[in-house]
Amino acid sequence: MKNTFLILLPFLVCCFSCSFVQKVNDGTTAYERKQFALAVKMLPEEYNKEKSQILKGRLAYQLAESYKRTNQNDEAIDWYKTAFDSSYGIDALKGYADALKQAERYKEAKAAYKELGIEIGSPYEYRKDISSCDIAAGWKKNAVDNAYKTIATDFNSSKADYAPIIDKNGSIIFTSDRGAINEKEEYKWTGNRYSDLYIKLSESNEVNGYSDVLNSSENNEGTASLNSNGTEIIFTKCAGAEDEDHYCKLMSATYESDAWSTPKILNFTKPNINYGHPTFHSSDNIIFFSSNDPDGWGGYDIYASERGAEGWKEPRLLG
């Protein structure tokens, strides 16, 4: 039985991050300020001018990371290797191995993970990564042609279109940095516009900005979730002062009198922490989301919060 799925580009960087927006004059500062789209333009010239092999390795690593953050994986692979060959160290080799795996170059990725284990003196440290390469290669080799197929929707843009949800009318609400509304400025992380929520109406392929109340002209908004009857929305908003990092928060609004109310930050929010990708439980009284709270297991973890009489309760870290 063949099932057809309509998909949107999964591109998570631009709406789940913090980025320093201060103007910079060199590639290293652009990289440190998370202005990665600018860094990939400035760092190559600085790399070519640099005479020190050690400093060239550092610049190559910054360039690889900048390409990774702007979703240019093939370029990242080359620069991770250049950085490692310039004695930058295991971070460059780890980035190289991960980028090869992402590119489905599994044989090369396995070799890089094995070399990485030798470099750190623990040959079995990356056995799960090596095993995942073997599994993925097997899936790719034995793919069943008639199991299902994916096709791109005809309302995709050349920019990032992702995180789709379907409302009660069958329209698709999604996140995009296509920049068709609010005349948003360039987001220095991606080189595209800041992201907004968009809607593709069920009866046509027309795409419009979803809500002027939820979207703004100077911040990233997106990755939304609706409750079961479409009267409540929780979404991600990344904002901050001009000379500060922009941290992502979860915002909620209710649909009243044919319009969304002014969004409010969820009550459990802590400062200087990123929250994103909220999802309602079918009961409408639990939300799941991701956060890099330092009290978690490390990096981004999945949390759940239950609705109480006075708002959302303290989030619980999932096992």
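Residues numbered from 1 in each chain as written. Predicted model: local features only at pLDDT ≥ 70, side-chain atom pairs only at ≥ 80, totals over all residues. Heavy atoms only, no water.

Comments concerning the nonpolar core
Short version of the rule: Nonpolar core, defined: a set of buried Ala, Val, Leu, Ile, Met, Phe, Trp, Tyr and Cys residues in which side-chain atoms within 4.5 Å join the residues together. Relative accessibility thresholds used throughout: buried, under 20% of the residue-type maximum; exposed, over 50%; partly exposed, between the two (1.4 Å probe, protein chains only).
W79, Y80, Y96 and Y113 are the most contacted members of the largest nonpolar core, which has 35 residues in total. L214, I233, M251 and A253 belong to the second-largest nonpolar core, a separate cluster that totals 13 residues.

A few points about the sheet that holds strand 4 (residues 172-176)
Through backbone hydrogen bonds, the strands of a sheet pair up, either in parallel or in antiparallel fashion. Put simply, the rule reads: Two strands form a pair only when DSSP identifies at least two bridges running between them. The secondary structure listing takes helices from DSSP runs of H or I that are at least 4 residues long and strands from runs of E that are at least 2 residues long, numbered from the N terminus. Only the stretch in contact is used when a helix axis is fitted, and all axes are lines through C-alpha atoms; the angle between N-to-C directions ranges over 0 to 180 degrees.
Read from one edge of the open sheet, four strands run 3-4-5-6, paired in antiparallel fashion. Across the chains shown, the open sheet's two edge strands, defined by having one partner strand only, are strand 3 (161-166) and strand 6 (207-209). The average undirected angle you get between the axes of adjacent strands in this sheet is 30°. Sheet analysis places strand 3 next to strand 4, joined by four bridges and oriented antiparallel. Residue pairing across strands places Y162 opposite T175, the latter belonging to strand 4.

Topic: unusual backbone geometry
Phi is positive for T223, close to 45°, though the residue is something other than glycine. As for its placement among the helices and strands, T223 is situated in strand 7 (residues 220-226). Backbone geometry places S257, a non-glycine residue, at a positive phi of 55°. Position of S257 among the secondary structure elements: in the loop between strand 9 (247-256) and strand 10 (259-260).

Here's the deal with the confidence of the model for the protein chain
Heads up, the condition is: Per-residue confidence from the predictor is given as pLDDT, running between 0 and 100.
Here the protein chain shows a mean pLDDT of 88. Residues at 70 or above account for 88%. Ranking the elements of the protein chain by mean pLDDT puts strand 1 (residues 3-7) last, at 35, and strand 13 (residues 286-291) first, at 98.

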